[in-house]
Amino acid sequence: MPVEIDIDHVAKLARLQLTVEEQASLRTQLSLILEHAAKVGEVAAQDVPPTAYAIPRSNVLRPDVPEPSIPHEAAMQNAPEADQGRFKVVRIVETGS
Amino acid sequence: MAEWETVIGLECHVELSTQTKMFCGCRVGFGAQPNTDVCPVCLGHPGSLPVPNAEAIRRIVTIGLALDCTIAPHSLFHRKNYFYPDMPKNFQISQFDLPICLGGHLDVELPGGVTKRVGITRVHMEEDTGKTTHGSASGRIHDADSALIDYNRAGTPLVECVSEPDIRSPEEAGAYIRELRATLEALDVSDVRMEEGSLRCDANVSLRPAGTEPLGTKVEIKNMNSIRSLERALTYEMARQQKALENGEAIVQETRHWDEDAGATKSMRSKEEAFDYRYFPEPDIPPLDPDPAWVEDLRAALPELPRARRERYVRMFDLKPVVADVLVGDRVSSALFEETLALEADPRLAANWITQDLAGLRNKAGAEGPNLVTARHIADLVALVAADTISGQGAKQALEDAFVTGDAIAGIVERRGLTQVSDAGALGAIVDRVLSENSEVAEQFRGGKQEVIGFLVGQVMKGSGGSANPKLAQELLRERLNG
Amino acid sequence: MTELCDLTGAELAAKLRAGEITAVELAESSLRRLDAVDERLNAFLTRTPQVALERAAELDAYLSTGAPQSAVAGIPLALKDVLTTNGIRTTAGSKMLETYVPPYDCTAWTRLSGAGSVLIGKTNCDEFAMGSSNENSAYGPVHNPWDLNAVPGGSSGGSAAAVAAGEVVWSLGTDTGGSVRQPAALCGVVGLKPTYGLISRYGLIAFASSLDTVGTFTRSTRDAATLLSVLAGQDHRDATSLDTPVRDYTEGIDAGVAGMRVGVVGFGEGVQPDVAASVRAAVERLAALGADVGEVTLLHTDYGLSAYYLIAPSEASSNLARYDGVRFGYRAEGGTDVEDMMSRTRGAGFGPEVKRRIMLGTYSLSAGYYDAYYGQAQKVRTLIIRDYETAFAGYDVLVSPTSPTTAFKIGERSGDPMAMYLSDVFTIPANLAGVPAISIPSGFDSAGLPIGLQFTAPVLGESTLFRAAHALETDLGLDLRPPLLAGV
């Protein structure tokens with residue numbers, strides 16, 4: 001069954017500005033891909049636990065010992081825009097998130 | 001008109017005072033210059049990976065134990081996905097359905113000796129964001145045309161403690177925060193300073209008709225940076241919701257910002273997708289499965305918690321509950337008191353000096369002020385006053401001096417000549433002078449107005465530079481006035 | 001002209017040790033070949049001749065003192081451009097990172113560099129390692145040295161082509177769903193995807209964190225074992241890296257397959273007949289060499305592909321959120337507020353395949369869909385792991401085609417994402433289960449294009465993989481010099 005996707009909503013969630021053409025082709029393609037992907041639902045897996053990690057490990061921690069930070073210049077080197085040692089962006093409009 | 005019941009739940013964020021950040025070796029709260037305590041990990045550079053700080057995990061388990069939580073035998077980090085420029089990866093490593101600590105409580109002391117149990121839903125581990133400065137003439141976000149971001153704070157270990165909606169008034173909320181703060185101070189895990197942001201609280205507030213069960217629509221309020229502003233914000237929000245409900249308006253589920261200057265909560269523009277965080281298990285960090293024996297070791301090593309300490313002070317030293325409360329509510333006072341006890345000072349007197357005069361001096365000097373007063377100073381003061389060697393007033397002067405110089409009390413008393421003049425001869429001359437200079441007052445006394453004696457004693461004290469023994473001064477005054 | 005760098009790493013290390021050649025001569029040989037062919041291949045995005053020659057000269061000076069020499073010292077290497085290199089531009093094949101210069105080295109390069117490896121450059125790849133043809137690079141497709149009109153496979157297409165064409169002796173790629181093994185198969189080289197966590201991922205620009213592995217391209221199985229010996233081992237910067245003892249993986253590589261239990265994975269009709277025939281022939285050779293051959297079925301393989309196309313995009317949608325124009329990389333002009341700036345930046349900075357997967361992943365994780373998609377895919381992942389456990393109870397190693405087809409023409413599948421995704425059907429299950437797998441050349445199709453055969457072993461079974469692959473490789477004795485090199 002084809003999957004209906006609210007492309008506009010998903011694109012907003014993903015912070016992706018899409019052209020009208022991109023929206024149209026994504027609507028078709030994602031629907032097809034998801035139809036195939038939805039096959040995972042055919043597997044009877046009520047009693048199967050989910051796997052998030054390929055190889056089970058636990059409690060991998062780091063001692064609370066300082067390591068050198070990188071030089072300020074290195075931190076700022078790739079900044080698209082900077083001012084007063086800080087990363088500069090256009091105004092932020094507060095949202096409820 | 002229906003009576004309304006307020007239902008409040010608090011979400012508190014506590015910055016841990018570990019040496020290093022949650023997921024990298026950069027120092028916490030170290031650099032004064034922006035973007036100097038940063039590395040590929042906390043700047044979210046491509047390819048960098050998080051490795052959790054063992055000490056932060058130890059501390060959150062300790063917090064959980066102090067709040068009587070269950071320490072989960074298996075817990076996971078999740079990614080909370082949303083875009084915000086002060087969050088370097090545009091997701092926050094947090095916890096979702098498997099937090100480290102679950103289901104505890106905090107017993108809160110309310111005025112009138114009532115104890116209230118507030119449930120703790122969960123305590124989980126996450127990371128802090130960077131700091132944004134909004135660039136505009138006014139410095140306010142609304143009319144800013146740009147913003148500057150400093151990531152020094154990004155990745156600081158943050159513990160989120162979520163209460164059950166058990167709180168019923170702004171005063172209870174304030175008491176809860178004070179108790180939580182004292183508990184965290186006793187555990188020595190955080191600076192817990194609300195003004196500096198190392199303790200931050202958001203509140204969920206709703207109203208329901210008194211005596212009913214179902215919860216009303218809740219509103220989240222943010223941006224309270226002191227207990228006082230939390231109480232003010234809650235008071236405002238209760239009134240706002242009550243008015244709306246009584247006008248037949250529906251409460252909108254939203255986030256509101258507390259504006260300290262305006263004294264009001266203000267709605268923040270909210271968006272339909274704002275709350276779809278798309279949580280999923282953080283694939284870069286294996287699960288936490290704490291060894292039960294290790295957890296029991298931490299439980300056994302818990303320090304005395306504020307509630308137990310308060311009870312002990314009242315029971316063992318006969319302190320007034322309000323004095324015990326002040327002592328316990330402040331780590332510095334509490335530690336000093338304990339040390340003073342070890343020097344065998346009188347507990348009640350020591351407690352008074354610490355919670356009144358010394359607290360006053362510390363308040364005036366501010367957090368960064370000197371304060372060179374040690375337990376030795378307090379113990380000596382108490383002993384000298386008890387032995388009548390110095391007067392209360394002289395003792396105050398000695399304390400002020402020690403606060404700044406750190407000199408031994410004996411030395412200060414000597415240097416400033418604070419030894420109480422208990423010699424009737426030496427004091428007699430001052431008494432005579434005071435009586436001749438205040439002959440009208442002396443007449444009033446003789447005329448039966450006995451209470452003016454206090455004024456005259458004060459004059460003698462003043463005349464002696466504070467070194468007179470007030471008891472003796474009064475005796476001498478009465479002798480002469482009655483004679 | 002045959003160049004020094006057409007030899008294997010093992011051969012060159014011996015010549016260096018014997019003083020027959022110098023590291024500088026070797027680096028020059030590599031750079032000469034690069035100049036001769038890369039205009040046609042487009043395998044490299046950044047060349048580092050200066051760095052390479054200086055390093056080689058230092059190394060010659062060091063070796064002339066008679067100091068001990070590591071097995072990788074002086075051997076020309078290329079790194080896929082998703083592996084960070086301090087001070088050397090790293091693009092991930094994306095416009096988003098066109099000018100990005102990392103402030104740190106990935107651990108894989110740190111280890112190789114420490115052992116004297118010589119970096120020749122950074123190789124082209126599908127944008128953020130998403131693709132199976134290398135056509136998704138923002139810097140143009142890579143051409144297959146065996147047929148310049150064909151794709152090299154992907155996503156590590158540049159690293160595969162560079163080794164096949166002798167531009168370098170070996171290279172590193174990354175493998176999330178087959179991105180090392182599939183291009184290795186299509187380019188006629190050896191491609192290793194080790195056990196998840198055996199090589200640190202620190203500095204590997206993440207695509208899907210729970211599936212990503214660093215892998216190697218070499219012209220022999222022995223060289224793959226040599227590289228792994230340097231690369232493997234726990235890294236305190238990667239919490240998922242495995243706590244395994246450092247060891248020499250070339251040890252026991254010659255032990256042969258006599259008595260080894262080899263399970264042939266059943267494969268259906270989607271496989272190109274030449275490929276199927278080549279794999280069957282190879283299996284007969286393994287039996288002739290004494291292996292105990294049987295048939296095995298991995299029940300949930302078909303579901304594995306579906307699960308992969310939910311899990312990988314979901315993780316990617318989160319991993320790629322950091323490209324927002326704030327701290328590094330591309331920023332679009334004209335944003336009216338920060339949210340608008342981010343959306344424009346991401347809309348213009350990412351290519352179509354990356355956008356497709358971000359959208360797919362965002363949707364799969366979003367409210368109301370998680371359980372049906374991501375949650376269910378994780379359960380399928382458990383079933384895939386159980387399939388392998390069952391299979392490895394009866395077999396030491398599994399055999400299958402690496403890719404259902406040999407190299408296809410550039411442009412042939414680019415309009416059909418689903419057809420492209422199907423080319424990973426044999427490689428994806430190993431990533432889902434975290435088990436190691438290797439692709440080695442097993443023959444040629446009727447057009448003369450190389451065919452790859454895949455061995456899969458249980459977790460940390462790399463030694464078994466190497467033993468089997470080395471035995472077959474030695475027995476087949478294929479001539480793997482692409483026609484491209486006849487003219488240079």
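From a predicted model like this one, the values you see are computed outputs, not experimental measurements.

Visitor: Outline the overall build of chain A, supporting the account with residue identities and numerical values.
Guide: Scanning chain A for helices and strands turns up three helices and two strands. Taken from the N to the C terminus, the helices and strands of chain A come in the order α-α-α-β-β. Taken over 97 residues, chain A has a buried fraction of 29%.

Visitor: Describe the sheet that holds strand 3 (residues 78-81) of chain B, and please don't skip the residues or the numbers.
Guide: Residues and elements named next belong to chain B. If you walk across this open sheet you meet the three strands as 4-3-14, and the pairing is antiparallel. Of all strands in the sheet, those with a lone pairing partner are strand 4 (91-94) and strand 14 (280-281), marking the two edges. The pairing of strand 3 with strand 4 spans four bridges and is classified as antiparallel. Among the inter-strand pairings, His78 is bridged to a residue of strand 4, identified as Ser94.

Visitor: Can you lay out the interface of chain B and chain C for me, pointing to particular residues and giving the numbers?
Guide: Taken together, the 24 residues of chain B in the interface contact 36 residues of chain C. Each residue belonging to the side of chain B that touches chain C can be placed in one class, and the counts come to 14 nonpolar, five polar and five charged.

Visitor: Hey, could you go over helix 5 (residues 306-317) of chain B for me, with residue numbers and the actual values?
Guide: Residue and element names in this part refer to chain B. Over its 12 residues, helix 5 runs 16 Å from end to end, which matches the ideal 16 Å to within 8%, given 1.5 Å per residue. Here helix 5 has its buried residues at Pro306, Arg310 and Tyr313. Buried residues of helix 5 fall within an arc of 60° about the axis and therefore sit on the same side. Exposed side of helix 5, more than 90 degrees from the buried face: Ala308, Arg315 and Met316 are the residues found there. Remark: Asp318 follows helix 5 within two positions and exhibits a positive phi of approximately 60°.

Visitor: Provide a residue-level description of the nonpolar core, including the pertinent values.
Guide: Within the largest apolar cluster, 261 residues are counted, with the highest numbers of intra-cluster contacts made by Ile60, Val123 and Tyr176 of chain B together with Leu77, Met359 and Phe455 of chain C. Take this core: its biggest share by element is 10 residues, from helix 12 (residues 371-394) of chain C. In this structure, Ile60 of chain B is in contact with Ile100, Cys101, Val123, Met125 and Val159 of chain B, ignoring residues within four places of it in sequence.

Visitor: With reference to specific residues and values, describe the environment of Val431 of chain B.
Guide: Residue and element names in this part refer to chain B. By secondary structure assignment, the location of Val431 is in helix 12 (residues 424-437). Look at Val431 and you get buried, because 26 C-beta atoms sit within 10 Å. Separated by 51 residues in the primary sequence, Val431 and Asp380 place their C-alpha atoms 29 Å from one another. Excluding its chain neighbours within four sequence positions, the residues that come into contact with Val431 are Val460, Ala473, Leu476, Leu477 and Arg480.

Visitor: Explain the pairing of strand 10 (residues 437-444) of chain C residue by residue, including any values.
Guide: On a regular strand, one side chain projects to one face of the sheet and the next to the other, so that they alternate. All names here are of chain C. Where burial is concerned, most of strand 10 is hidden: six out of the eight residues are buried. Across three bridges, the pairing between strand 5 (residues 190-193) and strand 10 is antiparallel. The residue bridging Leu192 from the neighbouring strand is Ile438, located in strand 10. Judged from the seven bridges that link them, strand 10 and strand 11 (residues 450-456) form a sheet pairing that is antiparallel. Its bridge partner lying in strand 11, Ile440 is registered against Leu453. What sits between strand 10 and strand 11 in their antiparallel hairpin is a turn of five residues, with Gly448 showing a positive phi close to 85°.

Visitor: Let's hear about unusual backbone geometry: which residues, and what values?
Guide: For the bond running from Gly154 of chain C to Ser155 of chain C, omega is 5°, close enough to zero to count as cis. Located in the positive-phi region is Asp188 of chain B, a residue other than glycine, with phi close to 55°. Inspection of the secondary structure assignment puts Asp188 of chain B in the loop between helix 2 (170-187) and strand 10 (199-209).

Visitor: I'd like a description of the packing of helix 5 of chain B against helix 6 (residues 321-328) of chain B, backed by residues and values.
Guide: All names here are of chain B. Interaxial distance between helix 5 and helix 6 falls to 9 Å at its minimum, and their mutual angle equals 140°. In terms of orientation, helix 5 lies oblique with respect to helix 6. Handedness of the helix 5/helix 6 crossing: right-handed. Taking contact as the criterion, the partners of Pro306, Arg309, Arg310, Tyr313 and Val314 in helix 5 are, on helix 6, Pro321, Ala324, Asp325, Leu327 and Val328. For the contact of helix 5 with helix 6, the residue count by class is seven nonpolar, no polar and three charged.

Visitor: How would you explain the confidence of the model for chain B if you had to name every residue and give the values?
Guide: Confidence in the prediction for chain B averages 91 pLDDT; 96% of positions are at 70 or higher. Confidence metrics for the complex model read pTM 0.91 and ipTM 0.97.

Visitor: Could you give an account of the packing of helix 1 (residues 54-66) of chain B against helix 4 (residues 292-300) of chain B, naming the residues involved and the relevant values?
Guide: Residues and elements named next belong to chain B. Orientation of helix 1 relative to helix 4, taken along the N-to-C sense of each, is 65°, at an axis distance of 10 Å. In terms of crossing hand, the pair formed by helix 1 and helix 4 is right-handed. Facing Arg58, Val61, Thr62 and Leu65 of helix 1, the residues of helix 4 in contact are Val295, Leu298 and Arg299. Grouping the constituent residues of the contact of helix 1 with helix 4 by class yields four nonpolar, one polar and two charged.

Visitor: Outline the interface of chain A and chain C, supporting the account with residue identities and numerical values.
Guide: Counting from both sides, the interface comprises 45 residues of chain A and, opposite them, 58 residues of chain C. For the side of chain A that touches chain C, the elements supplying multiple residues, two or more each, are helix 1 (7-13), helix 2 (20-37) and strand 2 (86-90) of chain A. Here the residues of the side of chain A that touches chain C sort into 32 nonpolar, seven polar and six charged.

Visitor: Go over helix 8 (residues 347-365) of chain B, please, and point to the residues and values.
Guide: All names here are of chain B. Over its 19 residues, helix 8 extends 25 Å from the first C-alpha to the last, a length consistent with the 27 Å expected when each residue adds 1.5 Å. Taken as a whole, helix 8 carries its principal kink of about 40° at Ala359. Those residues of helix 8 that sit buried are Ala350, Ala351, Trp353, Ile354, Thr355 and Leu358. Of the surrounding elements, those touching the buried residues of helix 8 are helix 6, helix 7 (331-342), helix 9 (375-386) and helix 10 (392-405).

Conventions and cut-offs
Residues numbered from 1 in each chain as written. Chains lettered and ligands numbered in written order. Predicted model: local features only at pLDDT ≥ 70, side-chain atom pairs only at ≥ 80, totals over all residues. Helix = DSSP H or I, 4+ residues; strand = E, 2+ residues; numbered from the N terminus. Buried ≥ 20, exposed ≤ 12 C-beta atoms within 10 Å, placed from the backbone. Pairing = 2+ DSSP bridges. Contact = placed C-beta atoms within 7 Å. Nonpolar A, V, L, I, M, F, W, Y, C, P; charged D, E, K, R; others polar. Expected span 1.5 Å × (residues − 1). Arc of directions from axis to C-beta. Core = buried A, V, L, I, M, F, W, Y, C linked by C-beta atoms within 7 Å. Axes fitted to C-alpha atoms, helices over the stretch in contact; angles between N-to-C directions. Parallel < 35°, antiparallel > 145°, perpendicular 65-115°, else oblique. Left-handed = near helix turned anticlockwise from the far one by under 90°. pLDDT = per-residue confidence, 0-100. Bend = angle between axes of the 7 residues up to and from the residue.

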